[in-house]
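An overview of the molecular structure
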Amino acid sequence: MKKYIFILIICLIVNYGYSQKGISFGASSGFTTVDKEYGINGNFFIGYNTSKNIIIGLDGLFNEVSENNIIIKTNILMPYVEGGIPEKGMIKEKLYFSGIIGLGFIEQKALNFEENSGTIFLGTKLNYKLSQNFIVGIKTGYYFSKLDNVIIGNLFLNYKI
C-alpha cells in the first residue's frame, strides 16, 4: 500500500511540475554506512523550485548492507527542504554548496524482522552547474533515527525543467 501511495504522490508532483515549470528531479548513487557496515545505495529525488534558492521535495533512498551473511535492507522516504545561493558560490553561478534538511520515514528489513521509525536528515551538496538544466555534484549527509543511523556519500545528477 505504501508503494502505491508513494507512486501517486510522485505522479502528482510531476504533473504539477510540468504545469509550473519549476520542477527538478534526479538520481544519485554512492556509499552508505549502516551500523559500521558499508554498502552501496540508490537515491532518487524530485523537487519543486519555490524560488531560485529554495527547493522543497521528496527523497527516496534504497540500500542493502551485508552483515555476518545477513542482508539488511534500508528504505527511506523523506520530504526535504534544500537551500543554496549560487551567486555566492566558489565560482559564481557554477560551483556552490547547498544545505538539506528533512524529516521522514525509515524502514529496515532483514531475514525475520522489520522495523520502522521516523528519521531526520541533515546534509549538504556540492553543486556544479553544467548547463541551465543540468547540475552534478556530491551529496553527503546523516540520517538520525532510533534504528541504526545511516551515513551517505553520493554522486548525483539533477535535471531542472
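Just so you know, these numbers come straight off a predicted model, no measurement behind them.

1. A look at the environment of Ile138
Locating Ile138 in the fold gives a position in strand β7 (residues 134-145). Sequence separation between Ile138 and Thr124 is 14 residues, and the spatial gap between their C-alpha atoms is 8.4 Å.

2. Let's talk about the nonpolar core
Judged by nonpolar contacts, the single largest core of 18 residues is most densely connected at Ile76, Tyr143 and Val150. At the level of secondary structure, the elements contributing two or more residues to this core comprise β3 (54-67), β4 (70-84), β5 (95-109), β7 and β8 (150-160). For Tyr143, the residues in contact, after removing those within four places along its chain, are Asp59, Leu61, Ile76, Met78, Thr119, Ile120, Phe121, Asn149, Val150 and Ile152.

3. Observations regarding the pairing of β3
Looking at chain direction, strand β2 (residues 37-49) and β3 are connected through 10 bridges and run antiparallel. Note on β3: the bridge partner recorded for Ile40 is Glu64. Between β2 and β3, which follow one another and run antiparallel, lie four residues. Two strands pair when backbone bridges link them, and β3 and β4 are joined in this way by 14 bridges, in the antiparallel orientation. Each residue of the ladder has a partner; that of Phe62, found in β4, is Asn75. Joining the antiparallel neighbours β3 and β4 is a turn of two residues, in which Asn68 adopts a positive phi near 55°.

Conventions and cut-offs
Residues numbered from 1 in each chain as written. Predicted model: local features only at pLDDT ≥ 70, side-chain atom pairs only at ≥ 80, totals over all residues. Heavy atoms only, no water. Helix = DSSP H or I, 4+ residues; strand = E, 2+ residues; numbered from the N terminus. Core = buried A, V, L, I, M, F, W, Y, C linked by side-chain atoms within 4.5 Å. Buried < 20%, exposed > 50% of the residue type's maximum accessible area, 1.4 Å probe, protein only. Contact = heavy atoms within 4.5 Å. Pairing = 2+ DSSP bridges.

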